[in-house]
Amino acid sequence: MLIEKEKCTGCGVCSNICPINCIDMVSDNEGFLYPSIYLNNCTNCGRCEKTCPVINGIKNENNPQPPAYAAWSLDEDIRLNSTSGGIFSELAKKIISDGGYVAGAIYNAKHLVEHCIIDDNDGIILLRQSKYVQSSSGNIYKEVKEILNKDKSVMFVGTPCQCAGLVGFLGKSYDNLLLCDFICRGVNSPKAYTKYLESMEDEYNSPIKKVWFKNKINGWNKFCTKIEFENGKEYYADRYTDLFMVGFLKYNLYMRTSCSNCSFKGFPRNSDITLADFWGVSLRDKTQDTDKGTSLVLINSPKGNDFLESIYERIFQEESSLSMAVQKNPCAFESPDIGDMRKFFFDTVEELGFKETIEIIKLKK
Ligand SMILES: Cc1cc2nc3c(=O)[nH]c(=O)nc-3n(C[C@H](O)[C@H](O)[C@H](O)COP(=O)(O)OP(=O)(O)OC[C@H]3O[C@@H](n4cnc5c(N)ncnc54)[C@H](O)[C@@H]3O)c2cc1C
């Protein structure tokens, strides 16, 4: 390890930068990826340490008081199928229509999350929606750099730590890169998530086809988890009853340890644009408050502003004050604490399974 384990975000930039590929990202017993260095091969070139965003911090000249907007896509289908207001998809559509590429998080065949690069509108559908489990970065930083060096445009979307990783990896600014992060509560353990999916498959006696967090069937504010099964059955539950959301939002059982002390909160941000849910939004025209999802869009750089202007005709937008915009979004500045039942969760989940472990925790709390 380059740094104390509890500080490592798992961004994977050290593994991408190593010139002789002697750093692998390996799962620990909680299912989170950490760098494993083959010391016999290591030449001590120091590039991993010089690039690690946690060790070096990231300095930028972005706006410490970014303009804030409430916004959503005017395309009802995009808005309803996105987590907040669908601004990610509108930005991605613009990049693709101009011949560029978008890097973001998709579900793989095992329903786990990984970063990949897409170059068409079908790909946008795969990237769309928040996936509340840590995304594996793979070789994404190398792949993005390769495309940027061919003078093609790339929009990179990821957690603030992944964006910091990319900035460190590139080592210089690129005019053809649009960097987009989001206000992030923290990322959850792939192992906990797999255990949750297994318990749902057992209960519904079928493999899972699709998971959809914050589905809007009952409105954006309801945080409904929807799961579609191969046997045609469907599961819906709100944040108070879906056990994965209960473990995430109420008890903080399986968030990555570094997320409880995140170095990438507050302002200025590394990204050109920060997206979030605009909780507590209060629009001038109250009839516009329809619970279909409103994005908070923070414009951190002139490039971010140019991009927002370029999708002007496809979105609703209304300026807000920054203080109003983040008032109901504490994760803009603060890291959540690790829950006191976290150790119990990981000690128990293997033997008792996800559902029973959470039910015991509910009784103990
Ligand atoms: C783990 C996580 C925690 C979040 N915490 C908050 C919060 O505390 N407050 C808040 O206001 N908003 C939070 N968000 C952001 C919010 O849920 C929306 O994603 C954001 O408002 C953009 O919405 P959208 O409708 O424009 O796009 P969406 O369609 O939601 O687009 C999602 C974009 O995020 C990327 N993405 C999805 N999952 C991941 C992942 N696991 N890792 C990296 N990138 C991913 C996708 O590639 C896509 O580009 C969080 C998102 C995630 C993934």
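Worth saying up front: this structure is predicted, and the values here are computed from it rather than measured.

1. Considerations on the state of the cysteines
Next up, step 1: Counted under the stated rule, the structure contains 0 disulfides.
Next up, step 2: The thiol of Cys-331 is unpaired, and the distance to the nearest cysteine sulfur, on Cys-184, comes to 7.9 Å.

2. A short note on the environment of Arg-269
Next up, step 1: Tracing the backbone shows Arg-269 in the loop between α10 (243–250) and β11 (273–277).
Next up, step 2: We classify Arg-269 as buried; its relative accessible area is 4%.
Next up, step 3: Separated by 206 residues in sequence, Arg-269 and Asn-63 place their C-alpha atoms 7.8 Å apart.
Next up, step 4: Every residue in contact with Arg-269, bar those within four places of it in the chain, is listed here: Asn-60, Asn-62, Pro-160, Asp-181, Phe-182, Ile-183, Phe-264, Thr-274, Asn-300 and Ala-332.
Next up, step 5: Separated by 3.2 Å, the side chains of Arg-269 and Asp-181 make a polar contact.

3. Quick look at the pattern of salt bridges
Next up, step 1: Using the criterion set out here, one finds 18 salt bridges in the structure.
Next up, step 2: The partner of Glu-90 in a salt bridge is Lys-93, and the shortest N-O contact between them spans 3.9 Å. With Glu-90 and Lys-93 both in helix α5 (residues 87–97) and 3 residues apart, this pair spans about one turn of that helix.
Next up, step 3: A relative accessible area of 1% means that Glu-90 is categorised as buried.

4. Brief notes about the site of the ligand
Next up, step 1: Residues in contact with the ligand amount to 34 residues; listed here are only the nearest, Thr-83, Ala-105, Ser-130, Lys-131 and Asn-329.
Next up, step 2: Contact between the ligand and Ile-87: an oxygen atom at 3.1 Å from a main-chain N or O atom of the residue.
Next up, step 3: Put simply, the ligand lies in the largest pocket.
Next up, step 4: Within the residue set of the shell around the ligand, elements represented by two or more residues are α5, β4 (101–107) and β11.
Next up, step 5: Ranked by the residues each element gives to the shell around the ligand, the list is headed by β11, at 3 residues.
Next up, step 6: Grouping the constituent residues of the shell around the ligand by class yields 13 nonpolar, 16 polar and 5 charged.

5. Brief notes about α5
In an α-helix there are 3.6 residues to a turn, and that puts residues three or four apart on one side.
Next up, step 1: Of all 11 residues in α5, 9 are buried, a share of seventy percent or more.
Next up, step 2: The complete set of buried residues in α5 reads Ile-87, Phe-88, Ser-89, Glu-90, Leu-91, Ala-92, Lys-94, Ile-95 and Ile-96.
Next up, step 3: Just downstream of α5 lies Gly-99, where phi reads positive at about 90°.

6. Some details on the nonpolar core
Next up, step 1: Counting residues in each nonpolar core, the largest one holds 32 residues, and the members touching the most others are Tyr-196, Tyr-254, Phe-345 and Phe-354.
Next up, step 2: Those elements that provide at least two residues to this core are α9 (190–204), β8 (208–215), β9 (224–229), β10 (234–237), α10, α13 (342–352) and α14 (354–364).
Next up, step 3: Counting residues per element, this core draws most heavily on α9, at 6 residues.
Next up, step 4: Each of two domains, domain 2 (68–187 + 255–332) and domain 3 (190–254 + 335–364), supplies a minimum of three residues to this core.
Next up, step 5: If we skip the residues at most four places from it in the chain, Tyr-196 touches Thr-225, Ile-227, Tyr-235, Asp-242, Phe-244 and Phe-354.

7. Observations regarding the side chain of Lys-226
Next up, step 1: In this fold, Lys-226 is placed in strand β9.
Next up, step 2: Within the local environment of Lys-226, its side chain forms a polar contact with the side chain of Glu-228, the two groups lying 3.3 Å apart.

8. Let's talk about the layout of surface pockets
Next up, step 1: Here the largest pocket is characterised by a volume of approximately 1000 Å³.
Next up, step 2: Around the largest pocket, the lining is made up of 45 residues, and of these Ser-130, Tyr-132, Phe-182, Ile-183 and Asp-277 lie nearest the centre.
Next up, step 3: Contributions of two or more residues to the lining of the largest pocket are made by α5, β4, β5 (113–118), β7 (177–182), α10 and β11.
Next up, step 4: Looking at side-chain class alone, the lining of the largest pocket contains 21 nonpolar, 16 polar and 8 charged residues.
Next up, step 5: Each of domain 2 (68–187 + 255–332) and domain 3 (190–254 + 335–364) gives at least three residues to the lining of the largest pocket.
Next up, step 6: Size it by volume and the second largest pocket reaches roughly 500 Å³.

Each value, and the rule that gives it
Starting afresh in each chain, residues are numbered from 1 along the sequence in its written order. In keeping with the model being predicted, local features are shown solely for residues with a pLDDT of at least 70 and side-chain atom pairs are shown and tallied solely at 80 or more, while totals for entire chains, interfaces and linings include all residues. Hydrogens are left out, water is left out, and the side-chain values use all remaining heavy atoms of the structure. We call a pair of cysteine sulfur atoms a disulfide whenever their separation is within 2.5 Å. Elements are defined by DSSP. Helices are runs of H or I of four residues or more, strands are runs of E of two residues or more, and each kind is numbered from the N terminus. The cut-offs for exposure are 20% and 50% of the maximum accessible area for each residue type, with area from a 1.4 Å probe on protein chains only; residues under the lower value are buried, those over the upper are exposed, and the others partly exposed. Residues count as neighbours in contact if any of their non-hydrogen atoms are within 4.5 Å of one another. Two N or O atoms form a polar contact when they lie within 3.5 Å of each other; inside protein one atom must be a possible hydrogen donor and the other a possible acceptor, and for residues adjacent in sequence the pair counts only when both atoms belong to side chains. Put simply, a salt bridge is a Lys or Arg side-chain nitrogen that is within 4 Å of an Asp or Glu carboxyl oxygen. In this text, near means that some heavy atom of the residue lies within 4 Å of the molecule or strand in question. Note on definitions: the grid is 1 Å and covers protein atoms alone; a cavity is a set of points where a 1.4 Å probe fits but cannot get out; a pocket is an open set with protein on both sides within 12 Å along at least five of seven lines; lining residues have an atom within 4 Å of a point. A pocket or cavity is taken to hold a molecule when more than half of that molecule's atoms are within 2 Å of the pocket's grid points. Under the grouping applied here, Gly and all other residues not named as nonpolar or charged are polar, the nonpolar ones being Ala, Val, Leu, Ile, Met, Phe, Trp, Tyr, Cys and Pro and the charged ones Asp, Glu, Lys and Arg. Put simply, buried Ala, Val, Leu, Ile, Met, Phe, Trp, Tyr and Cys residues joined by side-chain atoms within 4.5 Å make one nonpolar core. All the domain ranges listed were derived from an automatic or database domain assignment. Grid points are joined across faces, edges and corners, and a volume is the space filled by probe spheres set on the points.

Honestly, that's just the spatial picture; any functional story needs more than this.
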